[in-house]
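The residues making up each chain are set out below.
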Amino acid sequence: MTVFLDCTSSCKSPLNTGVQRVVRSLHAALARQAAVHGATVTPLIWSDRERAYCRLGRRERGFLERPFARRPAAAAEPEFAANPWPWSKLLRALGHRRRRLDLGAFLRPGDVLFVPEIFQDRRTEFLPALRGRTAARREALFYDAITWRRPDLSPPRRLDGFFAYLRALGSFGRVTADSAEAAGDLEAWWTEHKVADAPRPVPARALGVDGRGGAIRLPASEPPPGRPALLCVATLEARKNHLALLAAAEILWAGGVDFSLVLVGRTTRHWGDHVTGAMDRLCAAGRPVEWRRHVDDAALAEAYARARATVFPSLVEGFGLPIYESLWHDRPCVCGNAGAIAEAAAGGGCLPCDVRDPAALAAAMRAVLEDQALHARLTAEARARVFPTWDVYAAALWKEWAT
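Residues numbered from 1 in each chain as written. Predicted model: local features only at pLDDT ≥ 70, side-chain atom pairs only at ≥ 80, totals over all residues. Heavy atoms only, no water.

> Quick rundown of the overall build of the protein? Include the residues and the values.
Within the protein, the secondary structure is distributed over 17 helices and 12 strands. Residue burial in the protein is summarised as follows: out of 403 residues, 55% are buried. For the protein, the accessible surface area stands at approximately 17,300 Å², while carbon and sulfur atoms represent 54% of it. For the protein, the centre of its 55 positive side-chain charges and the centre of its 44 negative side-chain charges are spaced 6 Å apart. (Helix = DSSP H or I, 4+ residues; strand = E, 2+ residues; numbered from the N terminus. Buried < 20%, exposed > 50% of the residue type's maximum accessible area, 1.4 Å probe, protein only. Areas by Shrake-Rupley, 256 points an atom, 1.4 Å probe, with all protein chains shown as cover. Lys, Arg positive; Asp, Glu negative; His and termini not counted. Charge placed at Lys NZ, Arg CZ, Asp CG, Glu CD.)

This is the structure we're talking about:
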């Protein structure tokens, strides 16, 4: 059996957002399973120019397997690392032409095409057409329907492509959602838009957490002494609700609460300037807020280790990976109280609140900073939670594919 894994957005650059981290972790875990079962995992990249999947070149495989190995500053400049020369994109396109696959003819009945990527390019045409060309398994991972549910929080340009993506998902043999809310939303969209032959019901399976390289979860050390830090890991986009977080932080700073706020996450053209502008104003006023943009996995782990707690003020999520990773690192998390975020918080270690209200968010942040008994209880709850690693996730997939 060969598993063909769509790694398109995760092998183009060292960008290290949630989807990229999921796909890289999944690729590594599936490769370990393949070694056990005497099978093969073949990562693929989609080329719109070729209208086909292609095998990965050396640089692309490097970004997938070791995204920060060659350039220590790649986390800060992922776009430059991907395209260091004016002719980089041309060379990449020529390489895709050489490594192009006719996937429909290449897939055997016992093979698997697994797509854990979000796609809004010509894959929305190619993948439905593939259904009639192969008997191989075709599976996809679905993250969320936020662009449909909350169009007010998404760039308008995403809507048409996103709907084509949701429709294309209905052509797969199976689609696995990462939360009950995401599964319900996808089924609702398929029903509303009369997507024929969509695979129902959509199962929900929690994503793996950390565990890359077979790592064992170890008790985290205590945060360093001195000024406590709160950490927020989230891309600077509207639904992540950074403006409410910064307003809540200012309430506390104005009230004399001493702490630093560290933000990790890339900016966006649609919304990022609103957040960076607010941060600039706070920094000009002498407030201890820091933005680290892109970081590699080691730096992210260090940020968790140095934090007293995390804050994840997102308004809506399909899964909420930073919540799970915070708890994996034994750090309590202040977060919302609805949808998939509530699913993540239900097992303990979290302090849910109304993140839409800066005053309520500030009260929860103050509690994890100053209430020692509460912080100790939440930390103990975080340490007691059991999470599937990526190896567990991949083993479950492999067992299903082998039947």
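> Could you give an account of the sheet that holds strand S10 (residues 309-312), with specific residues and numbers?
What links the strands of a sheet is backbone hydrogen bonding, and the strands pair in either a parallel or an antiparallel sense. The parallel open sheet is built from 6 strands, whose spatial order is S9-S8-S7-S10-S11-S12. The sheet is open, and its two edges are formed by strand S9 (289-291) and strand S12 (350-352), each paired on a single side. Here the average twist between neighbouring strands, direction ignored, is 20 degrees. Here strand S8 (residues 260-264) runs beside S9; their pairing, made up of 3 bridges, is parallel. Across the sheet, the residue bridging to Val 262 is Glu 290, located in S9. Contacts between helix H10 (residues 242-254) and the sheet are confined to strand S7 (229-233), S8, S9 and S10, with S8 contributing the most and set at about 165 degrees to the helix. Where helix H15 (residues 358-370) meets the sheet, its contacts fall on S7, S10, strand S11 (333-335) and S12, and the angle it forms with S11 comes to roughly 170 degrees. (Pairing = 2+ DSSP bridges. Axes fitted to C-alpha atoms, helices over the stretch in contact; angles between N-to-C directions. Contact = heavy atoms within 4.5 Å.)

> Describe in detail the sheet that holds strand S2 (residues 40-47), supporting the description with residues and values.
The strand order S3-S2-S1-S4-S5-S6 describes an open sheet built from 6 strands, whose pairing is mixed. The sheet is open, and its two edges are formed by strand S3 (52-55) and strand S6 (174-177), each paired on a single side. For this sheet, the mean angle separating the axes of adjacent strands, direction not counted, is 30 degrees.

> Tell me about the side chain of Arg 331, and name the residues and values.
Of note, Arg 331 is situated in the loop between helix H13 (321-328) and S11. Among the polar contacts listed, one links the side chain of Arg 331 to the backbone oxygen of Ala 305, at a separation of 2.8 Å. Among the polar contacts listed, one links the side chain of Arg 331 to the backbone oxygen of Ala 307, at a separation of 2.7 Å. (Polar contact = N/O pair within 3.5 Å; in protein donor to acceptor, adjacent residues only side chain to side chain.)

> Go over the pairing of strand S4 (residues 112-115), please, and point to the residues and values.
Covered by surrounding structure in S4 are Val 112 and Phe 114 together with Leu 113 and Val 115, the residues of both alternating faces. By the bridge criterion, 3 bridges tie strand S1 (residues 2-6) to S4 in an arrangement that is parallel. By the bridge assignment for S4, Leu 5 is matched with Phe 114. Summarising the sheet, S4 and strand S5 (residues 137-142) pair through 4 bridges and their orientation is parallel. Bridging from a neighbouring strand, Phe 114 pairs with Glu 139 of S5.

> Can you break down a nonpolar patch on the surface residue by residue, with the values?
Together, Leu 90, Leu 91 and Leu 94 line one region of the surface with nonpolar side chains, adding up to about 280 Å² of accessible area. Structurally, Leu 94 can be placed in helix H4 (residues 88-98). Given the relative accessible area of 40%, Leu 94 is considered partly exposed. (Patch = residues over 30% accessible without salt bridge, like charges linked within 9 Å, V, L, I, M, F, W, Y side chains within 5 Å. Salt bridge = Lys/Arg side-chain N within 4 Å of Asp/Glu carboxyl O.)

> Kindly report on helix H16 (residues 372-384), identifying the contributing residues and their values.
Compared with the 18 Å implied by 1.5 Å per residue over 13 residues, the 18 Å span of H16 between its first and last C-alpha is a close match. Within H16, burial applies to Leu 374, His 375, Leu 378, Thr 379 and Ala 382. An end-on view of H16 places all buried positions within 130 degrees of arc, on one side of the element. Among the exposed residues of H16, those oriented more than 90 degrees off its buried face are Ala 373 and Ala 384. Contacts from the buried residues of H16 go to H13, S12 and H15. The backbone nitrogen of Ala 373 has a side-chain oxygen 3.2 Å away, supplied by the residue at the start of H16, namely Asp 371. (Expected span 1.5 Å × (residues − 1). Arc of directions from axis to C-beta.)

> Give me the lowdown on unusual backbone geometry, citing residues and values where you can.
The residue Asn 241 is not glycine, and still its phi comes out positive at about 70 degrees. Along the chain, Asn 241 falls in the loop between S7 and H10.

> Explain the packing of aromatic side chains to me, and be specific about the residues and the numbers.
Summed over all chains, the structure comprises 15 aromatic pairs. For the ring pair Trp 46 and Tyr 53, a centre distance of 5.2 Å and an interplane angle of 75 degrees mean the geometry is edge-to-face. A relative accessible area of 3% means that Trp 46 is categorised as buried. Take Tyr 53: its relative accessible area is 0%, and that puts it in the buried class. Note that Arg 205 overlies the ring of Tyr 393, its terminal NZ or CZ placed 5.5 Å from the centroid. (Phe/Tyr/Trp six-rings, centres within 6.5 Å; stacked < 30°, edge-to-face > 60°. Lys NZ or Arg CZ within 6 Å of the ring centre and 35° of its normal.)

> Can you break down the environment of Arg 137 residue by residue, with the values?
Along the chain, Arg 137 turns up in strand S5. The sequence separation of Arg 137 and Ala 234 amounts to 97 residues, and the corresponding C-alpha distance is 34 Å. Residues contacting Arg 137, with those up to four places away along its chain left out, are Pro 109, Asp 111, Val 112, Leu 113, Glu 400, Trp 401 and Thr 403. Within polar-contact distance, the side chain of Arg 137 engages the backbone oxygen of Glu 400 at 3.2 Å.

> Go over the environment of Glu 192, please, and point to the residues and values.
When you line up the elements, Glu 192 lands in helix H9 (residues 180-192). Relative accessible area serves as the criterion here: at 49%, Glu 192 is assigned to the partly exposed category. Once the C-alpha coordinates of Glu 192 and Leu 252 are considered, the two residues, 60 residues apart in sequence, prove to be 45 Å apart.

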